[in-house]
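# Examination of the molecular architecture
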Amino acid sequence: MMTRPTLRPTPSPSATRGILFALTLLTTFLAGSQFIQIFDDQRAEPFEIFLLLLFTASFWWLALSFWAAVGGFLALGLNRPWHALAAWSRQSSRPPARGRTAILMPIHNEDPAGVFSRLQTMYEGLQAAGAIDSFEFFILSDSTDAGAWIGEEAAWRELCRRVQGDGRIFYRKRRRNTAYKSGNIADFCRRWGRRYDYMVVLDADSLMTPETLIALVHLMNDNGQVGLIQVPPTIVNGGTLFARLQQFASRLYGPVFTAGTALWHQADGNYWGHNAIIRVAAFAEQCGLPELPGRKPFGGHIMSHDFVEAALLRRAGWQVWMAPWLGGSYEETPPTLIDHAKRDRRWCQGNLQHVRILLARDLHPISRLHLFTGIMSYLASPLWLAFLAAGIAFLAWRLAHPLVYFPSYMTLFPMWPKFNESVAIGLAILVVAMLLLPRLLGVIFAMIGTRRRAGFGGSLRLTVSFILELILSTLIAPILMLLQSGFVIAILCGRAAGWRSQRRNGEAIGWIEATLQLGWQGLLGVGLAVFAGYADPILVWWLAPLFTGLILAVPLTVLTADQRLSALSKRLGLLCTPEELSPPALLTRARDLESSWRAALGPKQEALQRLSGDRPLLALHTALLSSHSDWQSVDPELLSNARHKLSLTGNTNLLTNGEVTALLFDPAFLEGLAAGYGLSAAARQRRVAAHLAPQIALSG
Amino acid sequence: MDGLIAHSIDRRAQAPIHDLLRSFGFEDPNTLHSLAARLPTPADDEDPAGAAQTAIGEWFVPLLNHDEITAEEAFRLGRAAFVTQECARRWPMALLADELPQGFADRLRQGLPIGCPPDMPTAMVVQSLDSPAPFASIVAWFRRWARPVRPA
């Protein structure tokens, strides 16, 4: 184990946590005690106890996030360095770092123009800052699509040419994407771990300023006990209304929440999987993830590896910090509600898998809380849903069994209904207030700073945007609640999610696609509205936010994916963020470069088509083979099938993606392809067949 | 060199060797013929293209300034550098030559693709995420639930 000096977190973590947990418990206790009053019973019935349990289980979670946001608001308002790492970094203005750092960009079937434009931007930024000698870049490909793989190689060649980055920008492709992203990073550590002091892990849509990258290296250099620093990313480049909503909400409310989180996490922070710097030796020593026994979704590789890696670092005594004050850290968000839901499905499975890890030996209590929080972020939906369903069921039962004021037996007094409506309304107001207040704090924080306010387009536009976001997010909330509840149920039933690349660019969603995906929610909403109207007109008002969102699920999905509406909102100055109104130079540069990359790379092509038309690329591809991980472990059956198909028919269109990929690892095939350059199609085919013949004979 | 081994490669062996040289970007039949003549005669039982690859790889090894590189690797890397730097057009007779044209070696090294740096491995120690005894029964419940289905 490495030795580390001690950095004492200030203010005392126990004090901040004590206050936070005390307030959370107190609020939950008060709300729970009020909830009991609703039924005004002498003795609680089992159904009421069930409702109480559901309510408190959902409410404490709300209370925790509410008080954390209040803490964050106070920390931001006081404008003081509110923990040791922040205090240190404010005093630092030193020139470029020492310590060798690898910037890792793990990719999986991504659009190369976006990925490589961001890489070029970061590379150029570090070059301009005079710090490039301390950094090396790795493109760690897990792409399974053969066309994407060859496209990446072409893009890597182009990037090295553009920035003269040979020997500093590396490209590695894994044959098998074992353990997904965590396996990709682990493979990097196994092969080159000793070469680097630190690694900055990115996502395919990540972008970080050179200032932030350099500051992170400084922080790591000067705080030997820190294992990981997470810089919360700001969402940018939203092209659809949905993405702009997410972007606006995260930019407006995010600072309050992240400041609150950093305040009580202190050195026991969490890792979000990207836009973070990690001490490689500590990571390699402590973060080898085991495969969980049993079948998916609870067994197998750990999907949400980031929380677990942070917990393992913390378990070994390394500090894990969150550094929101650094800024200069960006990411993108899924463009549509359906894409958001798909990503949520994957995250949901990963987080629920943490149930297996929650009680692991020697974890720090706060790490357990992070894991539990992750689980709760998805369990909260079915809990609220169960609470609502139970309430509706209770009403339905009441309808079926009308109140009897004078029972058949002798009694002096009538049996009054046991429902205290004023307490129920009070509690509902409390819940709404606890949901709204943190957002309002975000708005207040933005309003009280002249520059911040201008960043959102001024007071009026900020207020209108806030109201618009509030309405739309209220409508979207029940849709997501139902979707997430469905995910949880599917996962509990043993249905695992796959690992697909995200759609990052805005593509319109058609009415048919939206109806197929979410039409059932619309029907459910109509059913709920009819029931409420039949049961009690007052109930219509209570349930209106719920069923309105559900009824509008399909149009909301289609319209929020529409780029024209997004452009209109932008023209009106609504939902704007500081990064939209005056984009940082880094973002502008990345955007400009993306168009030049798109032109340079051309449209996506089939792998074999591309290689057949680009001799240097084919030579490069063949040369790179031996540098790829486990390149020799190609599935022999797949390769044999591909060789047979190709030598018999010569038609590459008959090959599956897996077979093409196997051929792209096959030196004999590649030599055949290279031999046929400049010849007719028939002659090329003969060359390939001639090169494959001995291999086919060998394999029998 | 040309004079010593000219005409030593028979017609049967010529086709695969010309194919191999074509992968370097040579297309002119005369150039292909001259370059093929620079290659040593393969043994009767030897694959002519394989032998040519080894010979070219060995020729590349000292040029690439690369430690501990095999002839096979040198062939692939050298060819990639040769093709990307358009050496077939710039210096058509440089391949396999004893005396290199000025600037050729530097240009070749510039074009050398470096996919990855040399390995400097470190061990990733797999950590235990087992639960201590008091909690084992709770965790066991989940394990039981997630137990793989036994095949019929």
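Residues numbered from 1 in each chain as written. Chains lettered and ligands numbered in written order. Predicted model: local features only at pLDDT ≥ 70, side-chain atom pairs only at ≥ 80, totals over all residues. Heavy atoms only, no water.

## Thoughts on the sheet that holds strand β5 (residues 207–208) of chain A
Residues and elements named next belong to chain A. Using the following cut-off: Note on pairing: DSSP must find at least two bridges between two strands before they are called paired. Only DSSP runs of H or I covering at least 4 residues are called helices, and only runs of E covering at least 2 are called strands; the numbering of each starts at the N terminus.
Read across the sheet, three strands follow the order β5-β10-β7 without closing on themselves; strand pairing throughout is mixed. Of all strands in the sheet, those bounded by a partner on one side alone are β5 and β7 (234–235). As paired strands, β5 and strand β10 (residues 329–331) are joined by two bridges and run antiparallel to one another. Residue pairing across strands places Met208 opposite Ser329, the latter belonging to β10.

## Let's talk about the packing of aromatic side chains
Applicable threshold: Classification of ring pairs uses Phe, Tyr and Trp, with its six-membered ring standing for Trp, and accepts pairs whose centres are within 6.5 Å; under 30 degrees between planes counts as stacked, over 60 as edge-to-face, and the remaining range as tilted. In this scheme, a residue with accessible area under 20% of its type's maximum is buried, one over 50% is exposed, and one in between is partly exposed, where area comes from a 1.4 Å probe on protein chains only.
Under the criterion given, the structure shown has 29 aromatic pairs over all chains. When the ring of Trp384 of chain A is compared with that of Phe387 of chain A, the centres are 6.0 Å apart and the planes differ by 80°; the resulting orientation is edge-to-face. Taken together, the residues span about one helical turn, with Trp384 of chain A and Phe387 of chain A both in helix α12 (residues 365–400) at a distance of three residues. A residue is classified by how much of its surface remains accessible, and Trp384 of chain A, at 22% relative accessible area, is partly exposed. Residue Phe387 of chain A is classed as buried on the basis of its relative accessible area of 17%. Each ring, one from Trp59 of chain B and one from Phe104 of chain B, has its centre 6.2 Å from the other, and the planes form 40°; the classification is tilted. Of the two residues, Trp59 of chain B is situated in helix α4 (residues 48–60) and Phe104 of chain B in helix α7 (residues 104–110); the sequence distance between them amounts to 45 residues. With relative accessibility at 15%, the residue Trp59 of chain B sits in the buried group. For Phe104 of chain B, a relative accessible area of 0% translates into the label buried.

## Examining the side chain of Thr24 of chain A
Definition in use: Pairs of residues are marked as contacts when any of their non-hydrogen atoms sit within 4.5 Å.
Relative to the elements of secondary structure, Thr24 of chain A occurs in helix α1 (residues 13–39). When residues no more than four places from it in sequence are discounted, the contact partners of Thr24 of chain A are Trp60, Ala63, Leu64 and Trp67 of chain A.

## Digging into the pairing of strand β2 (residues 135–141) of chain A
Residue and element names in this part refer to chain A. Counting buried residues in β2 gives seven out of seven residues, a clear majority hidden from the surface. Both faces of β2 are covered, namely the face carrying Phe135, Phe137, Ile139 and Ser141 and the face carrying Glu136, Phe138 and Leu140. Sheet analysis places strand β1 (residues 101–107) next to β2, joined by seven bridges and oriented parallel. Counterpart to Ile103 in the pairing with β2 is Phe137.

## Side note on the interface of chain A and chain B
Rule in force here: A simple way to read buried area is as the amount of 1.4 Å-probe accessible surface that goes missing from two parts once joined, with both sides added. Salt bridges are counted wherever a side-chain nitrogen of Lys or Arg sits within 4 Å of a carboxyl oxygen of Asp or Glu. Residues adjacent in sequence count toward polar contacts only when both atoms are side-chain atoms; beyond that, a polar contact is any pair of N or O atoms within 3.5 Å, and within protein one must be able to donate a hydrogen and the other to accept it. By the convention adopted, Pro, Cys, Tyr, Trp, Phe, Met, Ile, Leu, Val and Ala count as nonpolar, Lys, Arg, Asp and Glu as charged, and the other residues, Gly among them, as polar.
At the interface, 59 residues of chain A touch 47 residues of chain B. Together, the buried faces of chain A and chain B total about 4,600 Å²; carbon and sulfur atoms form 61% of this surface. Viewed at the interface, chain B and chain A are joined by three salt bridges. For Asp119 of chain B, the salt bridge goes to Arg191 of chain A, with nearest N and O atoms at 3.3 Å. On the surface where chain A and chain B come into contact, there are 19 residue pairs in polar contact (both at pLDDT 80 or more). Mapped by element, the contributors of at least two residues to the side of chain A that touches chain B are β3 (169–173), α6 (180–192), α9 (280–286), α10 (305–315), α23 (615–624) and α26 (667–675) of chain A. Top contributing element to the side of chain A that touches chain B by residue count: α23 of chain A, with seven residues. Partitioned by chemical class, the residues of the side of chain A that touches chain B number 36 nonpolar, nine polar and 14 charged.

## Some details on the sheet that holds strand β4 (residues 198–201) of chain A
Residue and element names in this part refer to chain A. The condition is simple: The axes used here are C-alpha line fits, helices contributing only the stretch in contact, and every angle between their N-to-C directions lies in the interval 0 to 180 degrees.
Spatial ordering of the open sheet is given by β3-β2-β1-β4-β8-β6-β9, a layout of seven strands whose pairing is mixed. Looking at which strands have only one partner, the edges of the open sheet turn out to be β3 and β9 (319–322). Each neighbouring strand pair of the sheet contributes to a mean axis angle of 20°, computed without reference to strand direction. Each of β1, β2, β4, β6 (226–230) and β8 (276–279) touches helix α7 (residues 210–222); the most contacted strand, β6, lies at about 155° to it.

## Looking at the confidence of the model for chain A
What counts here: Note on scores: pLDDT gives the predictor's confidence for each residue, bounded by 0 and 100.
Per-chain confidence: chain A averages 87 in pLDDT, with 89% of residues scoring 70 or above. In this model, residues 1–5 of chain A is a region of pLDDT below 50 whose contacts with residues beyond four sequence positions or in other chains number 15 contacts.

## Quick look at the packing of α23 of chain A against helix α5 (residues 71–84) of chain B
The cut-off we apply is this: Orientation categories follow fixed angle ranges, with anything under 35 degrees roughly parallel, anything over 145 roughly antiparallel, 65 to 115 roughly perpendicular, and all other angles oblique. Note: crossing handedness is left-handed where the near helix turns anticlockwise from the far helix by less than a right angle, and right-handed where it turns clockwise.
Look at α23 of chain A against α5 of chain B: their axes get within 8 Å of each other, and the N-to-C directions meet at 160°. Comparing their axes, α5 of chain B and α23 of chain A come out roughly antiparallel. In the packing of α23 of chain A onto α5 of chain B, the handedness of the crossing is left-handed. Counted together, Arg615, Pro616, Ala619, Leu620, Thr622 and Ala623 of chain A of α23 of chain A and Arg76, Leu77, Arg79, Ala80, Val83 and Thr84 of chain B of α5 of chain B form the full contact between these two elements. Taken together, the residues that form the contact of α23 of chain A with α5 of chain B break down as seven nonpolar, two polar and three charged.

## Topic: the nonpolar core
Residues and elements named next belong to chain A. Operational definition: Nonpolar core, defined: a set of buried Ala, Val, Leu, Ile, Met, Phe, Trp, Tyr and Cys residues in which side-chain atoms within 4.5 Å join the residues together.
Leu104, Phe138, Phe188, Met199, Leu252 and Ile357 are the most contacted members of the largest nonpolar core, which has 81 residues in total. At eleven residues, the largest contribution of residues to this core is made by helix α15 (residues 459–492). Not counting residues up to four positions away in its chain, the partners in contact with Leu104 are Phe138, Leu140, Ile185, Phe188, Met199, Val200, Val201 and Leu202. With 80 residues, the next largest nonpolar core counts Ala154, Ile229, Leu593 and Ala674 among its residues.

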